[in-house]
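Fold and contact review
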Amino acid sequence: MREKLDADMASHRPSENGKTDAGYLKQFGGLNAGYVAELIERYESDPASVPMEDQAILAHGIGQLLRSSSTGSSIPAFSPASHSAGIRDLRGLQAYIYAIRNFGYRAANLDPLGMRSTYDPLLDPATHGVTDAALSAPASEVIDLLGEQNPLGLGATAGDLISKLRGVYCGTAGYEFAHVRGVEERTWLQQAVETGLHRSFITDQQKRNLLELLTRTEAFEQFLHRTFPGQRWYSLEGSDAFILLLDQIVLQSAYTSLKNIVVGMAHRGRLNVLAHIFGKPYGTILSEFSEGHFEQLAAIDSSALMTDVKYHMGARINRDVNGDGAADIALVLLPNPSHLELVNPVVVGAVRALQDRAANGDRESEAMGVIVHGDAAFAGQGIVAETLNLAGLPGYSTGGTIHVIVNNQLGFTTEPEEGYSTEHASDLARGFDVPIVHVNGDDVEACVAAAKLAVAYRQRFHKDFLIDLVGYRRFGHNENDEPSFTQPLMYNRIAEHPTVRSIWASTLAAEEVVSSDDADRMVADSFDLLQREADSALGDDKEIVQPTVDAGNGNGNGGPDYGDIQTSVPSEDLRRLNELLATPPEGFGIHPRVARVIQRRREALDDGGRFDWAHAESLAFGAILSDGRAVRLTGQDTQRGTFSQRHAVLHDYKTGDRWVPLKDFGGEAFSVYNSPLSEIGAMGFEHGYSVTAQEALVLWEAQFGDFVNNAQGIVDELVVSARAKWDQRSGLVLLLPHGYEGQGPNHSHAHLERFLALAARGNIRVSYPTTAAQYFHLLRRQAASLSHDPRPLIVMTAKSLLRHPLAAAQVDDLTDGKFEPLIRYEKPNTRPSSVRRLVLCTGKVFVDVVTSDAFEQAKGVSILRFEDLYPFPKERLAEEVARLTKLEEVVWLQEEPRNRGAWAFVDPLLREVLGPDRPIRYIGRQATPSPAEGAQWLHKNQQNRLVEKALGSE
């Protein structure tokens, strides 16, 4: 810092004739004034200790220089000898102001219960040597020293200015934005906070409106307590102001160009949000509490559907903010499981999907996300950091999300010092350059102001913003919990503490805005309305709504019916597409090794040409784009491909320029992005995207299939069950590299058995294609099914088969073929009556069998490989078995251990087809807690032994 200041000052020295350059004088404003004061002190004690050029400046007279500076200041002239003490006082004031602005939140009144407070010695004027004399100095001197306009209205003294600053930064709101890297952002935030722009005047009618909303919020919770004792809904009481804050975010957003808001939150307060933000009728909510509605439950049960608890459900509404009968902004509340922060990446994925579909290109105005967090969960769950990390990445950014922590100051029973190592639950956001406002939940106006500031910042800078709403939890974690067992002092304080509504009502009564009688009448009216709704909803004359049956299309196990989906591509279209994908821009320098790959792809349509896995994939994507459907592919190192196979993005090896062949063809309809090294956040994002943009083919690829482990929560709670619970339709494709090559437990196994165990009622599709042509048609089939029957597709994708000759496709495979769920493989001229042994398998192990020496010697063997595992092709299997009239033995072969892979899933299904009199023999690795061995020799030895046993040669 000192060297920089010296360099800056040296470039703005006075000229030889004694005239002073105005640029040099600017160095005396702001933080550099402290350096000037230091120079003065050193000059007074020993002029020779100051650099020669600075001696000339000091001898000329600091007062004269300041008076003539470009800031237009009018500090009285003084000489160093007679006024250095004054400069020191002003320097202390400057440091004190800096501390208030940057650390004032540590002395702010944030806890409504008054139980938690922090202190920073930098907020003590004595720390900076600020004396009464300094506080009596004219405020103008301090403002000029800071080198800025006075944002608070010029008081008479420095003490007045300090008092106003402390009122702003140490009141019922605390501001953290010193960590924000952008100078423009920090300046804007400081000016907005200190001028009170976000605390703009609230009319009396607006204050009454706030009281009415607060009254309905409180009455709703209290009515539920009275009407449904013993039931749970995770009350919002203690943080009631959250409803005002969220409502204000909606109102302020509607006054901008925003069209959509997507909200995600956990269960606490959700019913109140549904009622008072999303307009869900009281009667509907109340009816969901009544377990006496057996007819409704029976209707759901008979339809083979599922449902979810009331405080997980979502909603959507078009809000008329201006009261003119027209929708001003569309709101969506995403359904969310109990796992507290799982919805976070889903929200931003849904927002990104809406933005990518924006017709006018104004992405940030198309949609915005609002994510509501719990304090313990925000600090404790890693998915929060993963979601925050997505905000600035090219394939994931949404132009800013507003985050709100509903801070109960308590987890289930866990206090902050047991739940997070940081001072505030919100501290994680500091590392992601997110401004933070802490606000006392008892101060209604401060909460409204925080919402206004958040929306204004997001709209101006298109970045994330965080509000930490500090309240409390009037009841336990749920309505049946007794919190005083573990927090007796806190709950003694809560029992004596007035509600937010009563505090606000008293404030308005004191201001003569609303009388006490009016406030009481609002309460009575709210309860009367709730009672009428309850009488109607819980009566015996309610209408029973019959759910729509959606349990698949009757293929025997609830799977989809693909009908006559056409997936082949005419040869002329394939040739045109291939030529385009293999023709780089003029002058583009492809890496020589990659250039050979591109050249092979160009020649693949010639006689005898073959298509490897990645080539078939790019042609499938191109054909899908030709059909008018968007394609989004993301994952870990997906652009190049983990195995250097894809090359969807090529780099000029001399200039670094990029070329995306499919984007040349499909334009913005095609996108491919490398994801962060994340699974749960990245997959959650793509789920949210696919649910919102159901017309797009959305694919997420793991670097290795094993890594899906880290996203198991997303798989269980969303991918496989969102349709059954919430009727969310998704066609998300998970590409999970799978196959045993001796690479070890974390690079072999995509946990096929888990997906098969989760497959039910046609919820997903699970496939394990073994050829490039099969993969081509599988992608085309999935894209075509999005229009009428979108379901997630889980693909065990090949690793060693990516360039294997047996997996390569020929032209006819793509122009005339289709996806085959079950494929027979026999030696040429094998007659059905000669087959004695049937080997059933799936995936890469098939190639190990047919390329083995044992297969060359084997006789009377037929191999069936299952390319689709769910839905299971029972009818096709029955047809194949029926043709083998002399069949003696059936074996199931897999390379995975017995407790993994497909065996546990297929065993009962195979027995249904084969009947009780024909045994099925399992051949595979023994059950083991580890999915794979990690030694090449051991792997090859075991693999060879399995193949030989399957073929009967051992």
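Above this note sits the structure.
Attention in this report is confined to the structure presented alongside it. (Residues numbered from 1 in each chain as written. Predicted model: local features only at pLDDT ≥ 70, side-chain atom pairs only at ≥ 80, totals over all residues. Heavy atoms only, no water.)

**Comments concerning the nonpolar core**
By size, the foremost hydrophobic cluster in this structure holds 99 residues, and its most contacted members are F242, I249, V273 and L453. Here this core takes 11 residues from helix 21 (residues 444-461), the largest share from any one element. Other than its neighbours up to four places away in sequence, F242 contacts L236, M265, V273, V372, V404, V406 and L469. F685, A711, V835 and I920 belong to the second largest nonpolar core, which has 73 residues in total. (Core = buried A, V, L, I, M, F, W, Y, C linked by side-chain atoms within 4.5 Å. Buried < 20%, exposed > 50% of the residue type's maximum accessible area, 1.4 Å probe, protein only. Helix = DSSP H or I, 4+ residues; strand = E, 2+ residues; numbered from the N terminus. Contact = heavy atoms within 4.5 Å.)

**Focus on the sheet that holds strand 19 (residues 861-866)**
Across the sheet, 5 strands lie side by side as 17-19-18-21-22; this open sheet has mixed pairing. Among the strands making up the open sheet, the edge pair consists of strand 17 (822-825) and strand 22 (920-925). Each strand of the sheet is rotated relative to its neighbour by a mean of 25 degrees, with strand direction disregarded. Where strand 21 (residues 889-897) and strand 22 come together, 5 bridges link them in parallel fashion. Bridge assignment links V890 to a residue of strand 22, and that residue is I920. In this fold helix 39 (residues 936-950) packs onto strand 18 (837-841), strand 21 and strand 22, with an angle of close to 170 degrees to the strand it touches most, strand 22. (Pairing = 2+ DSSP bridges. Axes fitted to C-alpha atoms, helices over the stretch in contact; angles between N-to-C directions.)

**Some details on the sheet that holds strand 15 (residues 765-767)**
Pairing within the open sheet is mixed, and its 7 strands lie in the order 12-9-13-14-16-15-20. Of all strands in the sheet, those with a lone pairing partner are strand 12 (670-674) and strand 20 (868-870), marking the two edges. When the angles between neighbouring strand axes are averaged without regard to direction, this sheet yields 20 degrees. Pairing analysis gives 5 bridges linking strand 9 (residues 631-635) to strand 12, with the strands arranged parallel. Each residue of the ladder has a partner; that of R632, found in strand 12, is S671.

**Regarding the pattern of salt bridges**
One pass over the structure, following the stated rule, counts 45 salt bridges. The salt bridge involving E717 is made with K725; its shortest N-O contact spans 3.2 Å. The residue E826 makes a salt bridge to R883 at a minimum N-O spacing of 3.3 Å. Of this pair, E826 sits in the loop between strand 17 and strand 18 while R883 sits in helix 37 (residues 874-883), and the two are 57 residues apart along the sequence. The buried category is assigned to E826, whose relative accessible area is 18%. Given the relative accessible area of 23%, R883 is considered partly exposed. (Salt bridge = Lys/Arg side-chain N within 4 Å of Asp/Glu carboxyl O.)

**Focus on empty space enclosed by the protein**
Space left empty within the atom packing is revealed by a probe, the size of a water molecule, rolled over the atoms. Summed over all chains, the structure comprises 7 cavities of 30 Å³ or more. Around the largest cavity, the lining is made up of 18 residues, and of these R601, S618, R646, H647 and A648 lie nearest the centre. With 5 residues, helix 27 (residues 613-626) is the single largest residue contributor to the lining of the largest cavity. Among the residues making up the lining of the largest cavity, the classes are represented as 11 nonpolar, 4 polar and 3 charged. In this structure, the second largest cavity spans a volume of roughly 100 Å³. Around the second largest cavity, the lining comprises 15 residues; the ones closest to its centre are Q645, R646, E701, T797 and L802. (1 Å grid on protein atoms, 1.4 Å probe; cavity = no way out; pocket = protein on both sides within 12 Å on 5 of 7 lines; lining within 4 Å. Points joined across faces, edges and corners; volume = space filled by probe spheres on them. Nonpolar A, V, L, I, M, F, W, Y, C, P; charged D, E, K, R; others polar.)

**Quick notes on unusual backbone geometry**
Cis geometry is found at the peptide bond from Y870 to P871, where omega equals 0 degrees. Non-glycine residue H647 carries a positive phi angle of around 50 degrees. Checked against the element boundaries, H647 lands in the loop between strand 9 and strand 10 (650-651). Here the phi dihedral of D727 falls at roughly 60 degrees; this positive angle occurs in a residue that is not glycine. Within the secondary structure layout, D727 lies in the loop between helix 31 (722-726) and strand 14 (733-737).

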